[in-house]
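Observations on the three-dimensional arrangement
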There are 2 protein chains.
Amino acid sequence: MDMKLHPVLSIRLFKDEKCFGPGIAQLLERVEEHRSLRAAAQSMGMAYSKAWTVVRRCETALGFRLLHFVTGGSGGGGATLTPEARDLLGRYRAYCARLESAARQIFSVTFDGFEEDPHGL
Amino acid sequence: MDMKLHPVLSIRLFKDEKCFGPGIAQLLERVEEHRSLRAAAQSMGMAYSKAWTVVRRCETALGFRLLHFVTGGSGGGGATLTPEARDLLGRYRAYCARLESAARQIFSVTFDGFEEDPHGL
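Structural notes, computed from the coordinates. (Residues numbered from 1 in each chain as written. Chains lettered and ligands numbered in written order. Predicted model: local features only at pLDDT ≥ 70, side-chain atom pairs only at ≥ 80, totals over all residues. Heavy atoms only, no water.)

1. Thoughts on the side chain of Thr110 of chain A
Here is the rule: Runs of H or I in DSSP of at least four residues are treated as helices and runs of E of at least two as strands, each being numbered from the N terminus. Working rule for contacts: check all heavy atoms of both residues, and any pair within 4.5 Å makes them a contact.
Inspection of the secondary structure puts Thr110 of chain A in helix H4 (residues 83–110). Residues within four places of Thr110 of chain A in sequence aside, it is in contact with Arg91, Ala94, Tyr95 and Arg98 of chain B.

2. Focus on the nonpolar core
As a reminder of what qualifies: Put simply, buried Ala, Val, Leu, Ile, Met, Phe, Trp, Tyr and Cys residues joined by side-chain atoms within 4.5 Å make one nonpolar core. A 1.4 Å probe rolled over the protein chains alone gives each residue an accessible area, and that area as a share of the maximum for its type sets the label: buried under 20%, exposed over 50%, partly exposed in between.
Judged by nonpolar contacts, the single largest core of 76 residues is most densely connected at Phe20 of chain A together with Phe20 of chain B. Beyond its immediate sequence surroundings of up to four residues, Phe20 of chain B is in contact with Arg12, Leu13, Ala25, Leu28, Leu62, Leu88, Leu89 and Tyr92 of chain B.

3. Some thoughts on unusual backbone geometry
One non-glycine residue, Arg35 of chain A, adopts positive backbone phi at about 60°. Assessed through its relative accessible area of 46%, Arg35 of chain A is described here as partly exposed.

4. Some points on the relation of the copies chain B and chain A
Counted only if it meets this: For the least-squares superposition of copies, only C-alpha atoms count, and only for residues with pLDDT at least 70 in both.
Of the two same-sequence chains, chain B is brought onto chain A (RMSD 0.0 Å, axial shift 0.0 Å) by a rotation of 180°. The transformation relating the two chain copies, once decomposed into turn and shift, fits a two-fold axis. Minimal C-alpha distance to the rotation axis in chain B is attained by Ser10 of chain B, lying at 2.5 Å.

5. Considering the state of the cysteines
The cut-off we apply is this: When the sulfur atoms of two cysteines come within 2.5 Å, that pair is taken as a disulfide.
Per the counting criterion, the structure on display carries zero disulfides over all chains. The closest cysteine sulfur to the non-disulfide-bonded Cys96 of chain A is located on Cys58 of chain A, 14 Å from its own sulfur. Taking the relative accessible area as the measure of exposure, Cys96 of chain A reaches 8% and is therefore buried. Here Cys19 of chain B is not disulfide-linked; the sulfur of Cys58 of chain B is the nearest cysteine sulfur, at 7.4 Å. Judged by relative accessible area, Cys19 of chain B falls into the buried class, the value being 0%.

6. A few points about the interface of chain B and chain A
By a widely used convention, the size of an interface equals the accessible area lost when the partners come together. Selection rule: Once two parts are put together, the accessible area they lose, assessed with a 1.4 Å probe and summed over both, is termed the buried area. A pairing counts as a salt bridge when a side-chain nitrogen of Lys or Arg comes within 4 Å of a carboxyl oxygen of Asp or Glu. Definition of a polar contact: a pair of N or O atoms within 3.5 Å, with one able to donate and the other able to accept a hydrogen when the atoms are protein atoms, and with sequence-neighbouring residues admitted only if both atoms are side-chain atoms. Residues were grouped as follows: Ala, Val, Leu, Ile, Met, Phe, Trp, Tyr, Cys and Pro as nonpolar; Asp, Glu, Lys and Arg as charged; and all remaining residues, including Gly, as polar. Should DSSP find at least two bridges between two strands, the strands are taken to pair.
The interface of chain B with chain A comprises 46 residues on the first partner and 46 residues on the second. Taken over both partners, the interface formed by chain B and chain A buries close to 4000 Å², and the fraction arising from carbon and sulfur atoms is 64%. At the boundary of chain B with chain A, the tally comes to zero salt bridges. Here chain B is connected to chain A by 15 residue pairs in polar contact (both at pLDDT 80 or more). Those elements that provide at least two residues to the side of chain B that touches chain A are strand E1 (6–14) and helix H4 (83–110) of chain B. Sort the elements by how many residues they give to the side of chain B that touches chain A and H4 of chain B lands first, with 15 residues. Residue classes in the side of chain B that touches chain A are distributed as 25 nonpolar, seven polar and 14 charged. Both strand E1 (residues 6–14) of chain A and E1 of chain B contribute to a ladder of nine bridges, which runs antiparallel. Of the residues in E1 of chain B, the one forming a bridge with His6 of chain A is Phe14 of chain B.

7. Comments concerning the sheet that holds strand E2 (residues 18–20) of chain B
Threshold: Angles here are taken between N-to-C directions and fall from 0 to 180 degrees, while the axes themselves are lines fitted to C-alpha atoms, restricted in helices to the stretch in contact.
Within the open sheet, the four strands sit side by side as E2(A)-E1(A)-E1(B)-E2(B). Their pairing is antiparallel. Each edge of the open sheet is held by one strand with a lone partner, namely strand E2 (18–20) of chain A together with E2 of chain B. Taking each pair of neighbouring strands and ignoring which way they run, the sheet shows an average axis angle of 60°.

8. Observations regarding the environment of Gln105 of chain A
Residues and elements named next belong to chain A. Within the fold, Gln105 resides in helix H4. Since its relative accessible area comes to 53%, Gln105 is described here as exposed. With 69 residues separating them in the primary sequence, Gln105 and Ser36 have C-alpha atoms 39 Å apart.

The following block contains the structure:
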């Protein structure tokens, strides 16, 4: 492999402390898919207790609930995203997509000609 | 404290693997300042051996030298940045500044009204 130099971003949202990032975003998407925090965590190879800690920490930092738990019923209970979580997740994904597009564009301008220079060891 | 939600970026450059990021950028800036890798590492609380590893790993990934070592002389030897390192560092800092500016702008559009919504626990 001889890939060209390219940017890799890690995009996190903070208030006083870290609120939201790629890990919790993926976990919420898996909850949407599996309708269960336990199944979501399992699908990511994450311990259920760890998933709980991640969700609780983000909820506390953000100041609102991310998950709504349904107990019992014919499906045996489960979890869904709150409307606020769905709103935040949608905006976060849109934000990442827009920023990554800008990152590629700004990179091509800022690093124009860099790899053509004779940078031999 | 009750800071508003804001983005925090981590910006790294990759080829096949990680080549450059905030750690090596700071180390190179300290080398510029102190004219010595040992003094640069010390000023960051980093072991000299670790600084060497960081520099060597980046040089290998990038395919060119970052540091030029001067041995002996009246100053007792030291290190300076190669022209390629100075070029890369300048472009990286410009890139971070431009991208962070874009990140704030895109954030204000993408998260417009988000914190005004009633997101109570």
